Amino acid sequence: MPDLAFQQCVFPDCAARYDLLEVRTACDACGGLLDVAYDWERLPVPRRLADFEQKWGRRSEPACLSGVWRFHELLPFAPPETIVSVGEGQTLLRPAPKVAAYIDAHHQRTWLQFEGLNPSGSFKDNGMTAAFTHAALVGATSAACASTGNTSASLAMYAAASGANMRAIVFIGEGKIAYGKLSQALDYGALTLQIEGDFDDAMACVREVSAQAGVYLVNSVNPFRLEGQKTIMYRVLEGLRWRVPDWIVVPGGNLGNSSAFGKAFSELHCLGLIDRLPRLAVVNAAGADTLHRLVNERGVRFNSGRPPLEVIDAFYAEMDAENRRANTLASAIEINRPVNLIKCLRALEMCDGVVTRVTDQEILDAKAQVGAGGFGCEPASAASVAGARKLRKEGVIGGAEEVVCILTGHALKDPNVTVGYHMYQGEDFRKMFAARSVSSAPLANRPIGVKNDTEQIRKTIAETVKGQPRSGDSI
Ligand SMILES: *Cc1c(COP(=O)(O)O)cnc(C)c1O
Ligand SMILES: [Zn+2]
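Residues numbered from 1 in each chain as written. Chains lettered and ligands numbered in written order. Predicted model: local features only at pLDDT ≥ 70, side-chain atom pairs only at ≥ 80, totals over all residues. Heavy atoms only, no water.

1. Considerations on the overall build of the chain
- A count of helical and extended segments in the chain gives 17 helices and 13 strands.
- Over its C-alpha trace the chain gives a radius of gyration of 22 Å, about what one expects of a compact globule, namely 23 Å for 475 residues.
- For the C-alpha atoms alone, the extent of the chain along its principal axes is close to 75 × 50 × 45 Å.
- Within the span of the chain, comprising 475 residues, buried residues form 56% of the whole.
- In the chain, of all internal contacts separated by at least 6 residues, the share reaching a separation of at least 24 is 71%.
- Summed over its atoms, the accessible surface of the chain is roughly 19,400 Å², and 50% of this surface lies on carbon and sulfur atoms.
- Here the chain carries 50 positive and 53 negative side-chain charges, and the mean point of each set is 5 Å from the other. (Helix = DSSP H or I, 4+ residues; strand = E, 2+ residues; numbered from the N terminus. Rg over C-alpha atoms; globule rule 2.2 N^0.38 Å. Buried < 20%, exposed > 50% of the residue type's maximum accessible area, 1.4 Å probe, protein only. Contact = heavy atoms within 4.5 Å. Areas by Shrake-Rupley, 256 points an atom, 1.4 Å probe, with all protein chains shown as cover. Lys, Arg positive; Asp, Glu negative; His and termini not counted. Charge placed at Lys NZ, Arg CZ, Asp CG, Glu CD.)

2. Topic: helix α4 (residues 150-161)
- Under the 1.5 Å per step criterion, the end-to-end length of α4 is 16 Å for twelve residues, consistent within 8% with the ideal 16 Å.
- Of all the twelve residues making up α4, ten are buried; the element is thus mostly covered by neighbouring parts of the structure.
- Considered for burial, the residues of α4 that qualify are N150, T151, S152, A153, S154, L155, A156, M157, Y158 and A159.
- For α4, the elements touching its buried residues are α3 (124-137), β6 (142-147), β7 (167-173), α5 (179-187) and α7 (223-229).
- Downstream of α4 by one or two residues, G163 has phi in the positive range, about 80°. (Expected span 1.5 Å × (residues − 1).)

3. Digging into the site of ligand 1
- Near ligand 1 you find 17 residues, and of these K124, N150, G253, L255 and T408 are the closest.
- One of the backbone nitrogen or oxygen atoms of N254 is found 2.8 Å away from an oxygen atom of ligand 1.
- Residue N257 places a main-chain N or O atom 2.8 Å away from an oxygen atom belonging to ligand 1.
- In the complex, 98% of the free accessible area of ligand 1, which totals 380 Å², lies under the protein chains.
- The site holding ligand 1 turns out to be the largest cavity.
- Breaking the shell around ligand 1 down by element, the ones donating at least two residues are α9 (256-270) and α14 (379-393).
- Of the residues assigned to the shell around ligand 1, the class counts are six nonpolar, nine polar and two charged. (Near = heavy atom within 4 Å. Polar contact = N/O pair within 3.5 Å; in protein donor to acceptor, adjacent residues only side chain to side chain. 1 Å grid on protein atoms, 1.4 Å probe; cavity = no way out; pocket = protein on both sides within 12 Å on 5 of 7 lines; lining within 4 Å. Sits in = over half its atoms within 2 Å of the grid points. Nonpolar A, V, L, I, M, F, W, Y, C, P; charged D, E, K, R; others polar.)

4. Focus: the coordination of the zinc ion (ligand 2)
- Bound to the zinc ion (ligand 2) on the protein side are C9 (SG), C14 (SG), C27 (SG) and C30 (SG), at distances that span 2.3 to 2.4 Å.
- Around the zinc ion (ligand 2), the four donor atoms are arranged such that angles at the metal cover 94 to 116°; this shape is classified as tetrahedral.
- Mapped onto the sequence, the donors of the zinc ion (ligand 2) take the spacing C-x4-C-x12-C-x2-C. Of this pair, C14 sits in the loop between β1 (5-9) and β2 (17-18) while C30 sits in the loop between β2 and β3 (34-38), and the two are 16 residues apart along the sequence.
- A residue is classified by how much of its surface remains accessible, and C14, at 27% relative accessible area, is partly exposed.
- Owing to a relative accessible area of 38%, C30 belongs among the partly exposed residues under this scheme. (Donors = N, O, S within 2.8 Å, 3.2 Å for Na, K, Ca; no water. Tetrahedral: all angles 85-135°; square planar, octahedral: opposite > 155°, others 65-115°.)

If you want it as structure tokens, here you go:
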């Protein structure tokens, strides 16, 4: 069905179209990003979103089990029998009364979407299943990505577990990857290349190498990945019984997720499946705040398809001249040049969005709060909760509004930071965190050293159960 789905330049003034089976990450005519676009008039679209619930009863079919492909009619670029899936997207929207109290939002209208429950432990699987499906359609035999960790984990897992005949090649910045993620790439057998430099260096490198060597690129410049990531929003709506929340709050790194969310909602709206769009809040880490600076300090907007590219170029030139490099403990969003910037600006325009930034201290405190409420998340994910708290304080998010924070990755991805926050004190704490200006751990749950003596242990338990959790000192 080649002409029912195609690729199209993101800039309406260009709007160049490319065949679905072309492998490309940019428009030839103008260099813009590409969208996957559909001729919806000629495609079968459900009349009501609730119709998708019927697929729950057909979970023995891979395309119904997958929380991505259950929504196939909303990303119809591949015939169902060609789908590459490992059962991704079976994630949960959970009420979060403790987090609601922490961010001072409505206790019954605050939700967390746990995307860490995906097979490789992050939301990236939503996109990877779509990219692998496209890769299979075009007959690719090797796939590559640059990664702060989760994309490489997901790529490696799909290459190993999906039965796709695919060699995985991952490019990572040296010393810039959390061990949980690195361990996955290694364990799943990916060819792992450690590049001297950070994510942005690895990204530039993989773009060049994959173009030269005919390797399929699965970074989020790949428009098919974003099609899969749209389904995160479908599942949020499903979790809310198809009610549109007031806010979606998401961490911003390469801005693939925020871009995909905007596209998801605008398509649902055009198709008449929802009657309004939620507002979007994208949260940067203060140490990796390109989007924040461009939007809030330089006034950059999508501007109906004519964003001020010269302002963006000048910003990057300045960044290079000052040798300013991203630096945050939230390694998954430690990015200088977000590849989906233009699409994210479009999503902000569509969804009346806002951008904010939070410090590593705010991120780690929010992460501890998420953990204390159950399940937990990795540092970058907690930027959404820290950002919601800040926006709530500023009155941007109202006290009665319904808020969904996206938790992008699993708590076990980066145990070092978690253990550091809860256990380290004094000089050890400063050594681990001072470079990132984290000075305290108000929500630390410190282990208590006790002698191997049942009487002592009994007393300690009685004391701590009675009072506040005690910190630090050995007994
Ligand atoms: C990739 C990633 C992000 C950033 O998402 P973008 O789509 O690149 O903005 C945030 N959190 C986690 C855990 C990630 O793996
Ligand atoms: Zn173009």
